[in-house]
Amino acid sequence: MDTKKLRQKILDLAIHGKLVPQDPNDEPASVLLERIKAEKERLIKEGKIKRSKKSGSSDTLHYENVPFEVPSSWVWCRLEDIVCELKYGTSEKSSSVGKIAVLRMGNITNVGTIDYSNLVYSSNDEDIEQYSLEKDDLLFNRTNSSEWVGKTAIYKEEQPAIYAGYLIRIKPLLISPDYLNTVMNSGYYRDWCYDVKTDAVNQSNINAQKLSQLMIPIPPLKEQGRIVAEMDKWISLIDIVKNGKDDLLTIIKQAKSKILNLAIRGKLVPQDPNDEPAIELLKRINPDFTPCDNEHSRKLPQNWCICRLKDLCSFLSRGKSPKYSENDKTYPVFAQKCNFKDGGISLEQARFLDPSTICKWSETYKLRTGDILVNSTGTGTVGRTRLFHESYLGQYPFVVPDSHVSVIRVIDDIIPQYLYAYISSSFIQRYLQDNLAGSTNQKELYIGVLENLVIFVPPFIEQQRIVQKIEELFTSIDEIQKALEV
């Protein structure tokens, strides 16, 4: 079940008048709108609010001009007709400590709520007086990415707060703020944001004037209450489903990790005493090989052996620092951004090699099927590991790694899929993270750490059985995960 789509469907039913039945005894929304107009005039005369200089009129919203049809007891109006304020927040710089929290665009979630983590603070008394939020104020995110500009949320007085300049405070007048927030999280509203936003470099903007002209479908006040109550029921159910899915996805991730950890300890498939011992395999590779004897030796199956990663490799090196081409798009360079978090590899974000430097790249550096690629410089992605396959090349003749990526290429008597599973296990990933060098802003996984990485080596035939079993179990788990995403 796609909970995001279900949430949007419920929101859209709500604002089309199809979530709850209409009651002919309800006061029509047209009467409510007249009362709102009268209240606004009173507040203007008392000097509590100002009249909009470019005020539109709901009287001009003829049937043919409205976005969609609504029940006869409803009415269309513009946002400026039903609010008494659209006010930008403070531009004062915030601090890590202070008298009062300052809500920023990052505190407005994508589902119409406020996240009170990662707060900053202000001690400016003038700002506190001018921008202090009151219960049921709506916050509108006027500047953000193209996807999320226009996010809104209701302030429920969870803690005292003011709001920052990338937000606009909306004060509804005589209508349900929860209903208004429902409209402003609907698919109709997201489409409106996309149509009216102004795009700049890396951000989009919707100013208060444009916001004031947003067309709102208004139900009778009592129906607004019924819609909000029904929405609360549905959202609670959707959240239960989502949390259940999240728990299952966590279990799936843990299950994969457990499978890999069992595999590298000889506990995933049974041993066959007729398999050639791994020590014989390693001595064929290197007649002078001497196994590593450490505390893990006694815990591994009898036919297994311990060695260093460098004992298993025909090539183990960082890539080179390439000269890039701005025009020629023939020879991609594999960088860390090509190594995706979700497990994939893509060359779509790759830069390209200057053809004049191809002679400097030996055949050894050209990636081939079975190469294990490890992100080796950066911050959060260091240690991320992928198994390369020539099918990733697509139209390209070859791809080479840049200097931020380490390439592990094993000899023929070691199955690369087994070694990839080994290095991908949480046991080894923790070891790699514990042995990074560098500062907080730039971590390094030195090639020497990889060369001396301890490897548990099963017999060749058992490597095959382990890889086959991992693929079988992961396929079943992936099918469950796909079913959860439908």
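In case you missed it, the structure is sitting above this.
Not measured: the values here are computed from a predicted model.

The rules behind each value
- Residues numbered from 1 in each chain as written.
- Predicted model: local features only at pLDDT ≥ 70, side-chain atom pairs only at ≥ 80, totals over all residues.
- Heavy atoms only, no water.
- Helix = DSSP H or I, 4+ residues; strand = E, 2+ residues; numbered from the N terminus.
- Rg over C-alpha atoms; globule rule 2.2 N^0.38 Å.
- Buried < 20%, exposed > 50% of the residue type's maximum accessible area, 1.4 Å probe, protein only.
- Contact = heavy atoms within 4.5 Å.
- Areas by Shrake-Rupley, 256 points an atom, 1.4 Å probe, with all protein chains shown as cover.
- Lys, Arg positive; Asp, Glu negative; His and termini not counted.
- Charge placed at Lys NZ, Arg CZ, Asp CG, Glu CD.
- Salt bridge = Lys/Arg side-chain N within 4 Å of Asp/Glu carboxyl O.
- Core = buried A, V, L, I, M, F, W, Y, C linked by side-chain atoms within 4.5 Å.
- Disulfide = S-S within 2.5 Å.

Asker: What should I look at first to understand the overall build of the chain in this one?
Answerer: A count of helices and strands for the chain gives 12 helices and 25 strands. Computed over the C-alpha atoms, the radius of gyration of the chain is 31 Å, more than 25% above the 23 Å expected from 2.2 N^0.38 for a compact globule of 486 residues. Expressed along its principal axes, the backbone C-alpha trace of the chain runs to roughly 95 × 50 × 50 Å. Among the 486 residues that make up the chain, the fraction classed as buried is 48%. By sequence separation, contacts in the chain at least 24 residues apart represent 78% of the contacts at least 6 residues apart. Of the roughly 25100 Å² of accessible surface on the chain, 50% is carried by carbon and sulfur atoms. Positive and negative side-chain charges in the chain, numbering 63 and 65 respectively, have mean positions lying 3 Å apart.

Asker: Help me understand the pattern of salt bridges in this model?
Answerer: Between side chains of opposite charge, a pair can form when the charged atoms approach closely. With the rule as written, the count across this model stands at 24 salt bridges. Between D478 and K256 there is a salt bridge, with its nearest N and O atoms 2.7 Å apart. Of the two residues, D478 is situated in helix α12 (residues 460–485) and K256 in helix α7 (residues 221–263); the sequence distance between them amounts to 222 residues. Among the residues examined, D478 registers a relative accessible area of 29% and is labelled partly exposed. Here D354 and K323 are joined by a salt bridge, their closest N and O atoms 3.7 Å apart. Pair noted here: D354 is in the loop between β17 (351–353) and β18 (372–375) and K323 is in the loop between β14 (313–318) and β15 (324–325), with a separation of 31 residues, a long-range link. Residue D354 is classed as buried on the basis of its relative accessible area, which comes to 15%. Among the ionic contacts, a cluster of salt bridges with common partners joins E39, R42, E46 and K48.

Asker: It is not clear to me how the nonpolar core should be interpreted in this structure. Could you clarify?
Answerer: For soluble globular proteins, the rule of thumb is that nonpolar side chains tend to be buried together. Judged by nonpolar contacts, the single largest core of 52 residues is most densely connected at L79, I82, I170, L180, M184, I216 and I218. Of all the elements, helix α2 (residues 29–45) adds the most residues to this core, at six residues. With residues near it in sequence (within four places) discarded, I170 still touches L79, V83, E85, L86, D137, L138, F140, L180, M184 and L211. By size, the runner-up hydrophobic cluster in this structure holds 51 residues, among which are I264, L300, L387 and A421.

Asker: Looking at this model, I keep getting lost on the state of the cysteines. Mind explaining?
Answerer: A covalent bond between the sulfur atoms of two cysteines is what we call a disulfide. Scanning all chains against the criterion turns up zero disulfides. C77 forms no disulfide, and the closest cysteine sulfur to it belongs to C84, at a distance of 14 Å.

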